[in-house]
Every structure is written in structure tokens, then in C-alpha cells.
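So the chains spell out like this:
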Amino acid sequence: MGLILTIIVMFLSTFSVTCLDQMRIVSTSGEHLLVKEGGVANISCTTDHEWFFCLWQHPSGVKECSIQENGTYQNACIGMDHMEIYGSEKFCSLKVENVSVRDHGTFMCLLNQADVFHTDRQFVKLEVASKAQLALRKGKSGIKSILELVEGEIVDLECEGRRAYPASQFKWEVSGTELVLSTEDHEPEYGSHTFRSTSTIKYTADVVDDGSTIKCSAIQTDKGSILYKDSQNMTLRITKAVPLLAIRSSNFGFLTGAIIAAVLVILILIIILVIVFKKKKQ
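Just so it is clear, the structure is predicted and the values come from calculations on it, not from any experiment. Residue positions within a chain follow its written sequence, with the count starting from 1. For a predicted model such as this one, the threshold for reporting local features is a pLDDT of at least 70, and the threshold for listing and counting side-chain atom pairs is 80 or more; totals across whole chains, interfaces and linings nevertheless cover every residue. Side-chain figures throughout are based on the complete set of non-hydrogen atoms in the structure, without hydrogens or water.

A. Just the sheet that holds strand β17 (residues 195-204), in detail. Any two strands with at least two DSSP bridges between them are considered paired. Every helix listed is a DSSP run of H or I at least four residues long, and every strand listed is a run of E at least two residues long, numbered separately from the N terminus. Strand order in the open sheet formed by four strands is β11-β13-β17-β16, with antiparallel pairing between adjacent strands. With partners counted over all chains shown, the strands left at the sheet margins are β11 (133-138) and β16 (183-188), one partner each. When the angles between neighbouring strand axes are averaged without regard to direction, this sheet yields 15 degrees. Where strand β13 (residues 154-164) lies against β17, nine bridges are found, and the strand directions are antiparallel. The partner of E160 across the bridge, within β17, is T198. For helices, the fitted line uses only the C-alpha atoms of the stretch in contact; every axis is such a line through C-alpha atoms, and the angle between N-to-C directions lies from 0 to 180 degrees.

B. Quick look at the environment of K63. Looking at where K63 falls in the secondary structure, it is placed in strand β5 (residues 63-69). Given the relative accessible area of 30%, K63 is considered partly exposed. The spacing of K63 and C77 is 14 residues in sequence and 6.5 Å in space, taken between C-alpha atoms. At 3.5 Å, the side chain of K63 and the side chain of Q57 are in polar contact. Residue burial is assigned from relative accessible area. The probe radius is 1.4 Å, only protein chains are included, and a residue is buried under 20% of its type maximum, exposed over 50%, and partly exposed in between. Contacts described as polar in this section are N or O atom pairs within 3.5 Å, which, within protein, must combine one atom able to donate a hydrogen with one able to accept it, while residues neighboring in sequence count only if both atoms come from side chains.

C. The arrangement of the nonpolar core in detail. Counting residues in hydrophobic clusters, the biggest one holds 22 residues, and the most contacted among them are C54, W56, C92, L94, V96, F107 and L111. For this core, the elements supplying multiple residues, two or more each, are β3 (41-47), β4 (51-57), β7 (83-88), β8 (91-96), β9 (105-113) and β10 (119-129). Filtering out sequence-adjacent residues up to four positions away, V96 remains in contact with G39, V40, A41, H82, M83, D103 and F107. Throughout this description, the term nonpolar core refers to a set of buried Ala, Val, Leu, Ile, Met, Phe, Trp, Tyr and Cys residues connected via side-chain atoms within 4.5 Å. In terms of nonpolar packing, the next biggest core, distinct from the first, is built from 19 residues, L157, F170, Y203 and A218 among them. A contact between two residues is defined here by any heavy atoms of the two lying within 4.5 Å.

D. Representation of the sheet that holds β8 in the model. Pairing in this open sheet of four strands is antiparallel, and the strands run β1-β3-β8-β7 from one edge to the other. Each edge of the open sheet carries a strand with a single partner, namely β1 (25-28) and β7. Between one strand and the next, the sheet's axes are offset by a mean angle of 20 degrees, whatever the strand orientation. In terms of strand pairing, β1 meets β3 through three bridges, oriented antiparallel. Paired with I25 across the two strands is T47, which belongs to β3.

E. Quick peek at the state of the cysteines. Cysteine sulfur atoms that pair up within 2.5 Å are treated as a disulfide. Within this structure, the stated rule accounts for four disulfides. Here C65 connects covalently by a disulfide to C77, the sulfurs 1.5 Å from one another. A torsion of 90 degrees about the S-S bond marks the disulfide between C65 and C77 as right-handed. Of this pair, C65 sits in strand β5 while C77 sits in the loop between β6 (72-75) and β7, placing them twelve residues apart in sequence.

F. Expanded view of the packing of aromatic side chains. Stacked, edge-to-face and tilted labels apply to pairs of Phe, Tyr and Trp rings (six-membered ring for Trp) whose centres lie within 6.5 Å, assigned for plane angles under 30 degrees, over 60, and everything in between, in that order. All chains considered together, the criterion is met by two aromatic pairs. Taken together, a centroid distance of 5.9 Å and an interplanar angle of 40 degrees make the contact between W51 and Y73 tilted. Here W51, found in strand β4, pairs with Y73, found in strand β6; they are 22 residues apart in sequence, far enough to count as distant. Accessibility expressed as a relative area gives 39% for Y73, which makes it partly exposed. Plain terms: the ring middles of Y165 and F195 are 6.4 Å apart, the flat faces sit at 15 degrees to each other, and that makes the pair stacked.

G. View of the environment of L236. Counting through the fold element by element, L236 comes out in strand β19 (residues 225-239). For the pair L236 and T213, spaced 23 residues apart in the sequence, the C-alpha separation amounts to 6.0 Å. Apart from the residues lying within four places of it in its own chain, the contact partners of L236 are L147, Y203, D209, D210, G211, S212 and I214.

H. View of a nonpolar patch on the surface. Grouping into patches uses exposed residues only, defined as over 30% relative accessible area, and leaves out salt-bridged ones; the cut-off is 9 Å for like charges and 5 Å for nonpolar side chains (Val, Leu, Ile, Met, Phe, Trp, Tyr). Method for areas: the Shrake-Rupley scheme with a 1.4 Å probe, in which residue coverage is limited to the protein chains shown. Salt bridge, as applied in this entry: a Lys or Arg side-chain nitrogen positioned within 4 Å of an Asp or Glu carboxyl oxygen. Where nonpolar side chains cluster on the molecular surface, the patch consists of I259, I260, V263, L264, I266, L267 and I270 and spans about 630 Å² of accessible area. When you line up the elements, I259 lands in helix α2 (residues 244-281). Overall, the relative accessible area of 49% leaves I259 in the partly exposed class.

I. Structural view of the confidence of the model for the chain. For the chain, the average pLDDT comes to 84, and 84% of its residues sit at 70 or higher. In the model, residues 1-5 has pLDDT below 50 throughout and makes three contacts with residues more than four positions away in sequence or in other chains. Below pLDDT 50 for its whole length, residues 7-20 participates in 22 contacts with residues either more than four positions away or in separate chains. Confidence scores here are pLDDT values: one per residue, from the predictor, ranging 0 to 100.

What follows is the structure, given as C-alpha cells:
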């Protein structure tokens, strides 16, 4: 049975007869379909003739197929556990549950007309949206929730979004005021359709910002609609810089005090020696 079905699939995939009454797929669920990771995708094909054999091919090459005969449906291919075919006389749909990044790509729908070997096929691209894994850090250092700086100190702050699709767009705020002077970079992640995106700003420490929060938000949109939005915060601890003159004065005062103390010790020792010497003479 399995060998016969394999031969049928190969035959239908490579052969079609041209005639006026040939079956044709008249519509699909759309050329592009975007579904959030973990969601459910329903991909469908509609034909102008009753179909006998329906096959859906996953982007990985795995096939899910069904035979329709006398109003009943029978699975004919061993596909994936999270995929299932259902339909009606002129409609065949593939249900993909718990969608993951491995389902991103182009699916093929192939339908065979009942009684004759007329076939047609269409392709539907399934895009899988995934939420960015967000991190906020000082330069290339580790993630911190508190940033300690001295007034006037300049640092690079980086916001990073990994494993994101679509790519993240960033927004920075300090104490609720938006910062616009930032740079963004987006690069595809190896072996995946997802992106690694970064945004960097230069921040100059100001004691006015002490105790306030720097916030980085990552936003992922599709056709103007927000798919995902997340943010990371960092609390600022800014200390006032000690003037250099004050440091020098402090050091000078310490040195002067030390010299005076040393002189007093020497004078005391001299006085003691003089007294001891006089007593010995008497």
C-alpha cells in the first residue's frame, strides 16, 4: 500500500493532462500567511472540481496527504504530529498546530481530480513570528539592572533583541523623555529566518538623572500592527564628581598636618632629652 501511494504521488507530481475540463486550483488562503509562534495556522486550497487526492508538502519536504472517496477521507501519508488535513469535495486545508520556527517557509498544495489524473498545485508561504529575546547592557559587559556612573562620564548602552521575526525596532527613554540619537543594526541569524538586532546610544551621566530609569523598548510590527512589544530597564546611580582643586587642597592639608605633628614629636623628644641630661648632672 505504501509503495503504491509513493508511486501515485511521484506520478501526480510530474504529470498533468491538458484539456478543457482540467481541474484548477482557483484560490488559496493567500500567498503569504503570518502566524505567531505557538499559534495555529490553517492553509487551504479550493478547486473547481471534486478532488480525489490532496497532498500538502511541508517546507522540510515532509508530506501530509489524504484520499477522498464516497464522502469519506483517509490519511495516506505519515506526516508530522502537529499537522492534519481536513476539507470537503472542492476544498482541502492543512491545519498546523503549535506553530514553531521550523514551520516557516513555503508549503505546496497538490490536488488530483477524481476519476482522472488531472492535477494542479499552488504554493503558500507561511511566516512564523517570534518574540525577541531582549537584553540591555553597558557596552559589551553583562546585563545590569543598576548603572553606577560619575557625573560627566560617557558610556555606550546597547539594547539587543535575539531570535526575532520580524526584526525589532527600538525606542529609548530616560525619565520618560524619548532619546532619538541611536544607531540600529539588523542581521539574519545563522540557519534561521530570525534576526539579531541591536541599538546603541551614548549616554552622558548627569546628576539630575540620579535615581531615574533608562528604558529600552523593542517593537515588532507587521503591516502597521504591533505583534510584540517588550522593554528592559536600568536604574541610574549618578554621583557628583569631586573637584580636582578640592582633592589637591585636601592632600596639601593632610601633608601640612603630618609635618606639624612630626615637628611637635621631635620638640617633645628634645625637651625630654634635655631634662634627662640635667638630672644626670645633678
